[in-house]
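Structural characterization, general
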Amino acid sequence: MTTAQPQELDVQPTPLALLLLGREADPRSERGVECPGDLPSPSDPDLVARARAAKEKLGDKVFVLGHHYQRDEVIQFADVTGDSFKLARDAAARPEAEYIVFCGVHFMAESADILTSDDQKVVLPDLAAGCSMADMATAEQVAECWDVLTEAGIAEQVVPVSYMNSSADIKAFTGKHGGTICTSSNAERALNWAFEQGEKVLFLPDQHLGRNTAVRDLGMSLEDCVVYNPHRPNGGLTAQELRAAKMILWRGHCSVHGRFSLDSVNDVRERIPGVNVLVHPECKHEVVAAADYVGSTEYIIKALEAAPAGSKWAIGTELNLVRRLANRFAAEDKEIVFLDKTVCFCSTMNRIDLPHLVWALESLAEGTLVNRIEVDQETEAFAKLALERMLALP
């Protein structure tokens with residue numbers, strides 16, 4: 001379990017006026033997608049000056065982390081940028097920073113709290129910045145799933161592997177049951193390790209990353225995989241289906257990556273002859289199978305850095321990053337477009353905007369700790385065990 005309040009007396013929650021709500025749903029995409037449409041108007045220049053002043057006043061006491069999917073107005077104030085695990089490790093490597101301001105989503109801030117010292121305080125500028133994927137697996141649901149596996153007589157054969165994009169509770173469950181955490185970069189290594197420990201894997205909470213890694217990288221068949229649906233009795237599976245499966249995939253997905261379709265790939269190839277399709281492994285299996293290149297956020301960035309001038313790329317990942325990369329490499333004559341014609345940002349990631357960041361920094365500069373993310377000791381211990389197993393992967 002995590003709490004989002006500090007031990008200090010002077011504590012304030014996020015003002016309701018700062019909440020940025022997503023609008024519109026795309027009926028063609030998987031459940032949970034919300035598109036905010038156009039981003040809000042550019043921030044008042046005074047907010048930029050106020051953020052700079054508050055950050056300068058805090059000096060080395062604050063360390064600002066910016067996830068790749070954050071909007072530019074926030075990224076400009078990040079001391080480091082990266083994916084969730086890289087940022088959590090960067091925070092742990094800065095023990096002199098009293099405050100870690102994590103411009104990302106809730107599970108990322110939890111991971112940072114787990115990996116940093118007790119003296120460091122992790123702050124999430126908007127507590128409403130969650131993750132639809134992480135929210136698709138609760139501790140109660142996963143405990144019930146384990147009971148189902150036990151009743152089927154296979155729990156002792158199952159090793160849980162949880163994606164970094166999961167809550168601290170799920171990471172703790174994984175550590176308690178002998179499993180490991182993985183990222184999109186090392187999922188293959190994590191699964192190889194898991195199959196050395198047991199005969200089956202329970203992969204949480206992203207079914208697409210689990211399926212793509214098992215089939216594309218480990219050479220399994222789609223028939224080796226079953227999907228456990230926590231909203232159906234016994235996960236919607238029979239005991240026989242569970243016993244026959246090698247990969248038990250949790251029915252979860254990323255709301256942004258889940259929107260890309262095979263039609264998106266076919267359409268962009270027709271529109272842009274010679275285009276290279278590069279997608280994240282959180283995309284659906286048919287999208288990954290049709291792409292030219294597949295890899296993590298860091299892989300995508302490095303691939304575009306190494307791409308020859310004049311090359312054309314359609315990227316299947318979050319739009320803020322795609323736009324930033326398109327602008328970055330425009331001078332090198334690299335054409336970079338969003339894979340889908342319908343524009344969609346990660347609505348929860350975009351809750352961290354400049355007004356929220358200014359409010360958090362100014363509050364800290366005035367001595368008021370706001371929106372602290374703190375994982376309880378027992379959860380932290382088991383979650384850290386799972387993370388340490390990942391760090392020890394060959």
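A brief structural summary.

Quick notes on the rules
- Residues numbered from 1 in each chain as written.
- Predicted model: local features only at pLDDT ≥ 70, side-chain atom pairs only at ≥ 80, totals over all residues.
- Heavy atoms only, no water.
- Salt bridge = Lys/Arg side-chain N within 4 Å of Asp/Glu carboxyl O.
- Helix = DSSP H or I, 4+ residues; strand = E, 2+ residues; numbered from the N terminus.
- Buried < 20%, exposed > 50% of the residue type's maximum accessible area, 1.4 Å probe, protein only.
- Pairing = 2+ DSSP bridges.
- Axes fitted to C-alpha atoms, helices over the stretch in contact; angles between N-to-C directions.
- Contact = heavy atoms within 4.5 Å.

As a further point, take the pattern of salt bridges. A side chain with one charge may pair with a side chain of the opposite charge, provided their charged atoms come close. The tally for this structure, following the rule as stated, stands at 17 salt bridges. With its nearest N and O atoms 3.8 Å apart, the salt bridge here joins Glu 98 to Lys 121. Of this pair, Glu 98 sits in the loop between α3 (84-92) and β4 (99-103) while Lys 121 sits in strand β5 (residues 121-123), and the two are 23 residues apart along the sequence. Given a relative accessible area of 27%, Glu 98 falls into the partly exposed group. A relative accessible area of 13% means that Lys 121 is categorised as buried. Taken together, the shared-partner salt bridges in this structure form one network comprising Lys 61, Glu 98 and Lys 121.

Here the focus is the sheet that holds strand β7 (residues 180-182). Judged by pairing direction, the sheet is parallel, and its 5 strands sit side by side in the order β7-β6-β8-β10-β9 without closing on themselves. Each edge of the open sheet is held by one strand with a lone partner, namely β7 and β9 (225-228). Direction aside, the axes of adjacent strands within the sheet are offset by 25° on average. Inspection of the sheet shows β9 paired to strand β10 (residues 247-250) by 4 bridges, in the parallel sense. Residue pairing across strands places Val 226 opposite Ile 248, the latter belonging to β10. The sheet strands contacting helix α7 (residues 168-176) are β6 (158-163), β7 and β8 (200-204), and the helix crosses β6 at an angle near 150°. Of the strands in this sheet, β6, β7, β8 and β10 are in contact with helix α8 (residues 187-197), which crosses β6 at around 165°.

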